[in-house]
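Single-letter residue listing:
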Amino acid sequence: MTNDWYNRKLGLSKFEHNFKNRQDYPIAWQPFYTSLGYDLIDDINQNTDIFHTYADYGAYPQDRVSGYTIKQIENSMKNTIIWDIWKENLKKQNPNNPTNKYLDELFNNW
């Protein structure tokens, strides 16, 4: 939603949050932040697509989910206050997304 705001509404096409929208941060570095929304959209698997040292092994989320739109994410959150319901709404409302089968895995990271 932040990218949509800055890119579309403010016309800042090159907007990027600190450190590539925090996609390069290990989970332990950001206990206050979840990049789940971004992970639903992008096609980057931080667990395999980012260079890691041996010490980093397992520190990045397994992210084989991609292709969701901001609108799909917003729609799936409507009237939702429970994490698992949001996940199930994503599955039900977007049955043609081939990465749906990895939603459980991605949500379990957080």
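Structural data are supplied above this passage.
A brief structural summary. (Residues numbered from 1 in each chain as written. Predicted model: local features only at pLDDT ≥ 70, side-chain atom pairs only at ≥ 80, totals over all residues. Heavy atoms only, no water.)

1. Details of the overall build of the chain
For the record, the criterion: Per the convention used, a helix needs a DSSP run of H or I reaching at least four residues, while a strand needs a run of E reaching at least two, with both numbered from the N terminus. Under the scheme applied here, a residue whose accessible area is under 20% of the maximum for its type counts as buried, over 50% as exposed, and between as partly exposed, the area being computed with a 1.4 Å probe on protein chains only. Any two residues whose heavy atoms approach within 4.5 Å at even a single point are treated as in contact.
Counting secondary structure elements, the chain contains seven helices and zero strands. Overall, the chain shows an N-to-C arrangement of helices and strands of α-α-α-α-α-α-α. Within the chain, the proportion of its 110 residues that are buried is 30%. Sequence-distant contacts in the chain: of pairs separated by 6 or more residues, those separated by 24 or more amount to 52%.

2. A closer look at the packing of aromatic side chains
Put simply, the test is: Ring pairs shown here join Phe, Tyr and Trp side chains whose ring centres sit within 6.5 Å, with only the six-membered ring taken for Trp; geometry is labelled stacked below 30 degrees between planes, edge-to-face above 60, and tilted in between.
Inspection of the entire model under this criterion finds three aromatic pairs. On the basis of an interplanar angle of 65° and a centroid distance of 5.1 Å, the ring pair of Trp83 and Phe107 is categorised as edge-to-face. Of this pair, Trp83 sits in helix H6 (residues 83-93) while Phe107 sits in helix H7 (residues 103-109), and the two are 24 residues apart along the sequence. Judged by its relative accessible area of 35%, Trp83 is partly exposed. A relative accessible area of 3% places Phe107 in the buried class. Taking 5.3 Å as the distance between ring centres and 75° as the angle between the ring planes, the aromatic pair formed by Trp86 and Phe107 counts as edge-to-face. Taken together, the positions of Trp86 in helix H6 and Phe107 in helix H7 put the pair 21 residues apart, joining distant regions of the chain. The two residues Trp86 and Phe107 agree in class, both being buried. Aromatic rings pair up to connect Trp83, Trp86 and Phe107 into one cluster.

Interpretation note: all reported values are geometric properties and have no functional meaning in isolation.
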